[in-house]
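# Architecture and fold: a report
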Amino acid sequence: MCNLNARWSVKLLIAALYVLMCESVYASCVITSPLNSKVGTPIPMVKGEQRLTLHCDLAQPHIFHFPRNFVNKAMLYRLEADVSITSALETQSSAAPTLTLPLELPSARHAYMLPTGAASYYLDIEAQFARALYPSLSSVPKFHAFDAIHTLTLSAFAGFCFALAIYVGVLGNSMRSFGFYSYSLYVASAATFFLLQEGIIYTLLPNVPFLNSVQLSVLFAGLTIFASLRFLDQLLDFKALLKKWQRSALHYLSLIILALVSVQIVLSSDVGMMVNKVMSKLTLVIMAGILLAILYAAYHKVHCAKLVLLGVSTIILAMLARFYLKDFSPFLQRYGLIIAVTIEALIFAFAAAQKVKKLDDDRMAAFKRAATDPLCHILNRDGWEGAAKVLLDDFNRQGGYITLMFIDVDNFKRINDSFGHQSGDDVLRILAKILKRQCREQDVVGRLGGDEFVVLSYCHSRSQSERLVGRIKARLSNLTIQTANAPIPVTASVGGVITDTSCKSLEALLQEADILMYEQKKAHHTEVSQPI
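What you see is a predicted model, and the numbers here were worked out from it, not measured in a lab. Throughout, a residue's number is its position along its own chain's written sequence, starting from 1. Residue-level local features of this predicted model are given only where pLDDT is at least 70; pairs of side-chain atoms are given and counted only at 80 or more, and the full residue set underlies all totals for whole chains, interfaces and linings. The basis for every side-chain value is the complete set of heavy atoms in the structure, and neither hydrogens nor water enter the calculation.

## Brief notes about the sheet that holds strand 8 (residues 110-114)
Spatial ordering of the open sheet is given by 7-8-5-11, a layout of 4 strands whose pairing is antiparallel. The strands lining the two open edges of the sheet, one partner per strand, are strand 7 (103-104) and strand 11 (136-139). The pairing of strand 5 (residues 62-66) with strand 11 spans 4 bridges and is classified as antiparallel. Paired with F64 across the two strands is L137, which belongs to strand 11. At least two bridges found by DSSP between two strands is the condition for calling them paired. Counting from the N terminus, the helices are DSSP H or I runs at least four residues long and the strands are E runs at least two residues long.

What follows is the structure, encoded as structure tokens:
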């Protein structure tokens, strides 16, 4: 067993050394024109067409690659392998050299397979604007690993963002709130911007050059800024938080950005670059204004302001790291902003969900305040009628038995006159508690006003309904309620209607129960012979 493990350890060590040797094989690639520099250093580009000349000497096949994000067209031509740069230039002056096209790989970047050996190449590029080009040379395994990680990272980012956009859009639809739709537009625009900039969409539709244009990327960048401001305005309620001119200034700036990016889409790339520069400056102003507004909201403890501040701070830190920590981590340098946008989008989605929950809680609290009797803490007339109609609709659809009880306190005026209104209020509060305890949670208990109470119950059998009516009648037939002033003997008359016949009119049931209640009240009146 030990010998077997030792043999496998030796094999793994040999395999590891082989991989290291393969990675460290000789590979040289130099750009000789227009500048003499190694591949891997930035090469300044001018707007329009230009040609780079490079000479490579490779012991193993390698991939030569660079980003697509500002390159309209690129073609790599291979001269004959035994032609030096000097002789190639001489040949070009006298007769056209033999050019062949290396294998171009399907990738988010322009990528070409370079074979082993020494060879010279022409790289013809049409740049959309003047900018530095960052060409790279990678071994085949290293490039495929990089390309797979790049595609997977961007795809996961986009999928996550679009899922969040749909989720918050559904929340916005339930709330009928434009602000939550703005979040969906913000996240979807940000995801589309990065997919365009990193060449992922172009790999899916390589025959649509417009997908690789600067103007399209600038459009989605502008949409991202516009939508994010609209979302934060709704989430943090800038209308109530900021002065009118402050909020208007932010909105007008975002509208200017939206107008600029919408117009530049049909203009030249030069105009697009000018718009991009103006938009960058306006974006900094808007971001500064938003950050101040968020800090102000957090200081005044606006709901979700601290969460929003955390999300925005993540973006700011990622932007600073991108400029000042270039050599710290190539991965974070490339994907740090994408990761930050993902974190911010998640935080904003959570903040939106919290906002919806708060709005629902506030709406429910407002409904309860409007539908609850302030003295007895049960449903008032409007609240009871609304809940009773829902219960009655269930009964009419599903069948069963509906039970309505109309309850009135006997001689309540005399209780108020003899013991005072405070004691009368105590009696009503205690009666309401008794009714709640005697009924089930799904039964609808309310106070119509004065000393009149109602109970609506949906039962599945007549015996269940009869037990409920009998239990309440017995409980209210002979009470002694202890108030702050004195113990007070109390009785109440109960009129109970039980029916299994479909009934559309709640008022008809109330009227029938009211008649039965008064019949019981008359019977109680004849039984009572002494005053309270």
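Further notes follow.
## A short note on the state of the cysteines
A covalent bond between the sulfur atoms of two cysteines is what we call a disulfide. For the purposes of this analysis, a disulfide is any pair of cysteine sulfur atoms at a distance within 2.5 Å. For the structure on display, the rule yields 1 disulfide. Residue pairing for C29: its cysteine sulfur links by disulfide to C56, the two sulfurs lying 1.9 Å apart. One end of the pair, C29, is in strand 1 (residues 27-33); the other, C56, is in strand 4 (residues 48-58), and 27 residues separate them in sequence. Both residues of the pair, C29 and C56, count as buried. A disulfide-free cysteine, C439 has its sulfur positioned 9.7 Å from the sulfur of C459, the nearest such atom. Note on classification: 1.4 Å probe, protein chains only; a residue is buried when its accessible area is under 20% of the maximum for its type, exposed when over 50%, partly exposed between these limits. The buried category is assigned to C439, whose relative accessible area is 10%.

## Re the pattern of salt bridges
Each reported salt bridge corresponds to a side-chain nitrogen of Lys or Arg within 4 Å of a carboxyl oxygen of Asp or Glu. Evaluation of the coordinates by the stated rule reveals 11 salt bridges. A salt bridge links K521 to D408, with the shortest nitrogen-to-oxygen separation between them at 2.7 Å. Placement of the pair is K521 in helix 16 (residues 506-527) and D408 in strand 12 (residues 401-409), with a sequence separation of 113 residues. The partner of K521 in a salt bridge is D410, with the nearest N and O atoms 2.8 Å apart. With a gap of 111 residues between them, K521 in helix 16 and D410 in the loop between strand 12 and helix 13 (412-419) connect regions that are remote in the sequence. Under the relative-accessibility criterion, D410 is labelled buried at 6%. Linked by salt bridges that have partners in common, D408, D410 and K521 make up one network.

## Remarks on the packing of helix 6 (residues 214-235) against helix 8 (residues 244-264)
To get an axis, a line is fitted to the C-alpha atoms, and for a helix only the part in contact is used. The angle between two axes follows their N-to-C directions and goes from 0 to 180 degrees. As a packed pair, helix 6 and helix 8 sit with axes 9 Å apart at the nearest point and diverge in direction by 160°. Judged by the angle between their axes, helix 6 and helix 8 are roughly antiparallel. Judged by the twist between their axes, the crossing of helix 6 over helix 8 is left-handed. Here helix 6 contributes Q215, V218, L219, G222, L223, I225, F226, L229, R230 and D233 to the contact with helix 8, which in turn contributes R247, L250, H251, S254, L255, I257, L258, V261, S262 and Q264. Working rule for angles: under 35 degrees goes down as roughly parallel, over 145 as roughly antiparallel, 65 to 115 as roughly perpendicular, anything else as oblique. The crossing is said to be left-handed when, going from far helix to near helix, the turn is anticlockwise and less than a right angle, and right-handed when the turn is clockwise. Residues count as neighbours in contact if any of their non-hydrogen atoms are within 4.5 Å of one another.

## Points about helix 12 (residues 381-398)
Compared with an ideal rise of 1.5 Å per residue, which puts 18 residues at 26 Å, helix 12 spans 26 Å between its outermost C-alpha atoms and is within 8% of the ideal. Listed in full, the buried residues belonging to helix 12 are G383, W384, A388, L391, L392, F395 and N396. Counted as a polar contact is a pair of N or O atoms within 3.5 Å, where, for protein atoms, one must be capable of donating a hydrogen and the other of accepting one, and residues adjacent in sequence contribute only when both atoms are in side chains. Capping of helix 12 at its N-terminal end is provided by N380; its side-chain oxygen lies 3.3 Å from the backbone amide nitrogen of D382. G399 lies just past helix 12 and shows a positive phi near 80°. In a helix, the anticipated span is given by 1.5 Å times the number of residues less one.

## Describing the packing of aromatic side chains
We call Phe, Tyr and Trp rings a pair once their centres come within 6.5 Å, taking the six-membered ring for Trp, and we label the pair stacked below 30 degrees between planes, edge-to-face above 60, and tilted otherwise. The full count for this structure, using the stated rule, is 9 aromatic pairs. Residues F193 and F194 carry aromatic rings whose centres are separated by 5.3 Å and whose planes lie at 70° to one another, so their mutual orientation is edge-to-face. Accessibility expressed as a relative area gives 18% for F193, which makes it buried. Both rings, one in F231 and one in F348, keep their centres 5.7 Å apart while their planes meet at 40°; by these two values the pair is tilted. Taken together, the positions of F231 in helix 6 and F348 in helix 11 (residues 330-371) put the pair 117 residues apart, joining distant regions of the chain. Exposure remark for F348: the relative accessible area of 2% places this residue in the buried category. Aromatic rings pair up to connect Y183, Y186, F231 and F348 into one cluster. Two conditions define a charge located above a ring, namely a distance within 6 Å from the ring centre to NZ of Lys or CZ of Arg, and an angle within 35 degrees of the ring normal. The residue whose ring lies beneath R51 is Y122, and the NZ or CZ to ring-centre distance is 4.2 Å.

## So, the sheet that holds strand 6 (residues 71-78)
Strand order in the open sheet formed by 5 strands is 2-1-4-9-6, with antiparallel pairing between adjacent strands. Of all strands in the sheet, those with a lone pairing partner are strand 2 (37-38) and strand 6, marking the two edges. Both strand 4 and strand 9 (residues 117-127) contribute to a ladder of 11 bridges, which runs antiparallel. Across the sheet, L54 pairs through a bridge with Y121, a residue of strand 9.

## So, the packing of helix 13 against helix 14 (residues 421-438)
Two numbers describe how helix 13 lies on helix 14: the axes approach to 6 Å, and their chain directions differ by 135°. Considering the angle they form, helix 13 stands oblique to helix 14. Contacts between helix 13 and helix 14 pair F412, I415, N416 and F419 from the former with H421, S423, G424, V427 and L428 from the latter. We call Asp, Glu, Lys and Arg charged. Ala, Val, Leu, Ile, Met, Phe, Trp, Tyr, Cys and Pro are nonpolar, and the rest, Gly among them, are polar. Grouping the constituent residues of the contact of helix 13 with helix 14 by class yields 5 nonpolar, 4 polar and no charged.

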